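# Survey of secondary and tertiary structure
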Amino acid sequence: MLAVEIASDVVSALPPNLVQPGAVIRSVALDHLADTQLVGPAAPFLVLSRLVTPEFDALDLARMLSQYGYRGRYLALVDRLPDAKLIRREVAAQSPGINFDVIILDGSSPLHSL
């Protein structure tokens with residue numbers, strides 16, 4: 001698992017069904033993403049980031065991941081969001097090779113109930 005510009009305490013607070021037990025979580029700064037292996041057997045099975053940061057947003061990161069060849073799952077975390085469908089549609093239109101979803105940390109995300 002790869003956490004982009006996200007603190008480990010946020011990752012540890014995720015619903016247990018999202019993070020495999022014993023998963024290795026690597027953190028990377030956005031400016032080192034190009035140096036990270038994102039394709040092949042060593043590619044992360046999951047990329048996590050905040051939905052919006054001062055440096056980038058999920059659309060930016062999805063575009064970058066696509067450009068670097070990543071074709072896995074990408075989850076963007078946000079505290080609260082009225083309508084995640086719009087974000088999902090925008091990312092899907094822009095980066096169709098990315099399996100993207102939004103995790104709303106207030107517990108209202110459907111992925112919290114799995």
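Structure first, text after, so check above.
Attention here is on the structure that accompanies the text. (Residues numbered from 1 in each chain as written. Predicted model: local features only at pLDDT ≥ 70, side-chain atom pairs only at ≥ 80, totals over all residues. Heavy atoms only, no water.)

## Points about helix 2 (residues 58-67)
For the record, the criterion: Using a 1.4 Å probe on the protein chains alone, a residue whose accessible area is under 20% of its type maximum counts as buried, one over 50% counts as exposed, and one in between counts as partly exposed. By definition, any uninterrupted DSSP run of H or I lasting at least four residues is a helix, any uninterrupted run of E lasting at least two residues is a strand, and each is numbered from the N terminus. Contacts were defined at the residue level, with two residues in contact if any of their heavy atoms lie within 4.5 Å. Any pair of nitrogen or oxygen atoms within 3.5 Å is treated as a polar contact; in protein, a donor-acceptor pairing is required on top of that, and neighbouring residues in sequence qualify only through side-chain atoms on both sides.
Here helix 2 has its buried residues at A58, L61, A62, M64, L65 and S66. Where the residues of helix 2 are buried, they touch strand 1 (2-4), strand 3 (46-50), strand 4 (73-78), helix 3 (84-94) and strand 5 (99-104). Measuring from the backbone nitrogen of L59 back to the side-chain oxygen at the start of helix 2 gives 3.0 Å, which picks out D57 as the cap. Just past helix 2, the residue G69 takes up positive phi, approximately 95°.

## Quick notes on the side chain of S66
Tracing the backbone through its elements, the reader meets S66 in helix 2. The residues contacting S66, other than those within four sequence positions of it, are R71, S95 and I98.

## Topic: the environment of S49
By the secondary structure assignment, S49 is in strand 3. On a C-alpha basis, the gap between S49 and R63 in space is 13 Å, while along the polypeptide they are 14 residues apart. Beyond its immediate chain neighbours, meaning those up to four positions away, S49 contacts V4, I6, F56, L61, Y74, L75, A76 and L77. In terms of polar contacts, S49 uses its side chain to reach the side chain of Y74, at 2.7 Å.

## Description of unusual backbone geometry
One non-glycine residue, E5, lies in positive phi territory at about 55°. Within the fold, E5 resides in the loop between strand 1 and helix 1 (8-12). Among the residues examined, E5 registers a relative accessible area of 34% and is labelled partly exposed.

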